[in-house]
Amino acid sequence: QVQLVESGGGLVQAGGSLRLSCAASGRTLSSYAMGWFRQAPGKEREFVVTISRSGYNTYYADSVKGRFTISRDNAKNTVYLQMNNLKPEDAAVYYCAADGRTDGSSYLGNYDYWGQGTQVTVSS
């Protein structure tokens, strides 16, 4: 079991930046590949980015490539999402999730543990 808590969301103007954090407790985070997903009102939850257990491999959704950066600090049991040049379409609740089945996937079904989410609002 691992518990995940996101933080760092908020209101930002278009073009601005935010850094989300996902702190884990319970099992060590290094046992899991990690992912960030987001869900806007009326839309399905969608994949944003994933990072392998070691942090060596990452995979981004095309919509955020070049603007978002995922990283992890396994010693601190924390995963980060640096979001730059935010756009109004990035507004959503952002969730971090832990994948104990693969070493990183865009498929929601591979993620067994989810945080409660943090709201990101982008004003135009």
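Residues numbered from 1 in each chain as written. Predicted model: local features only at pLDDT ≥ 70, side-chain atom pairs only at ≥ 80, totals over all residues. Heavy atoms only, no water.

Draft legend 1. Highlighting the overall build of the protein. A count of helical and extended segments in the protein gives 0 helices and 11 strands. In the protein, the succession of α and β elements from N to C terminus is β-β-β-β-β-β-β-β-β-β-β. Over its C-alpha trace the protein gives a radius of gyration of 13 Å, about what one expects of a compact globule, namely 14 Å for 124 residues. In terms of overall dimensions, the protein has a C-alpha envelope of 40 × 25 × 25 Å along the principal axes. Taken across its 124 residues, the protein has 45% of its residues classed as buried. A fraction of 57% describes how many contacts in the protein between residues 6 or more apart in sequence connect residues 24 or more apart. (Helix = DSSP H or I, 4+ residues; strand = E, 2+ residues; numbered from the N terminus. Rg over C-alpha atoms; globule rule 2.2 N^0.38 Å. Buried < 20%, exposed > 50% of the residue type's maximum accessible area, 1.4 Å probe, protein only. Contact = heavy atoms within 4.5 Å.)

Draft legend 2. Fine view of the pattern of salt bridges. Enumeration according to the criterion identifies 6 salt bridges in this entry. In this structure, the salt-bridge partner of D62 is K65, at a minimum N-O distance of 3.0 Å. Judged by its relative accessible area of 66%, D62 is exposed. Between R67 and D90 there is a salt bridge, with the nearest N and O atoms lying 2.7 Å from each other. Of this pair, R67 sits in the loop between β6 (58–60) and β7 (68–73) while D90 sits in the loop between β8 (78–83) and β9 (92–99), placing them 23 residues apart in sequence. Just as R67 is buried, D90 falls in that class too. Because the salt bridges share partners, they merge into one network encompassing R38, E46, R67 and D90. (Salt bridge = Lys/Arg side-chain N within 4 Å of Asp/Glu carboxyl O.)

Draft legend 3. Fine view of the state of the cysteines. Taken as a whole, this structure holds 1 disulfide when the rule is applied. Between C22 and C96 runs a disulfide, and the two sulfur atoms are separated by 2.0 Å. One disulfide, between C22 and C96, carries an S-S torsion of 55° and so falls in the right-handed class. With a gap of 74 residues between them, C22 in strand β3 (residues 18–26) and C96 in strand β9 connect regions that are remote in the sequence. (Disulfide = S-S within 2.5 Å.)

Draft legend 4. Geometry of the nonpolar core. In this structure, L4, M34, W36, F68, L81, M83 and Y94 are the most contacted members of the largest nonpolar core, which totals 34 residues. Elements with a minimum of two residues in this core: β1 (2–7), β3, β4 (33–39), β5 (46–51), β7, β8, β9 and β11 (118–123). Residues in contact with M83, not counting those within four places in the same chain, are G16, S17, L18, L20, R67, F68, Y94 and V120. (Core = buried A, V, L, I, M, F, W, Y, C linked by side-chain atoms within 4.5 Å.)

Draft legend 5. Here's a closer look at the packing of aromatic side chains. Applying the stated rule across the entire model yields 6 aromatic pairs. Here F47 and Y59 contribute two aromatic rings whose centre-to-centre distance is 5.7 Å and whose plane-to-plane angle is 20°, an arrangement assigned as stacked. Note that F47 is positioned in strand β5 and Y59 in strand β6, a separation of 12 residues in sequence. When its relative accessible area of 12% is taken as the criterion, F47 is described as buried. Taken together, the aromatic side chains of F37, F47, Y59, Y111 and W114 make up a single cluster linked through ring pairs. A cation over an aromatic ring shows up here: R45 above the ring of Y95, its NZ or CZ 3.7 Å from the ring centre. Sitting over the ring of W114, R45 keeps its end group 4.9 Å from the ring centre. (Phe/Tyr/Trp six-rings, centres within 6.5 Å; stacked < 30°, edge-to-face > 60°. Lys NZ or Arg CZ within 6 Å of the ring centre and 35° of its normal.)

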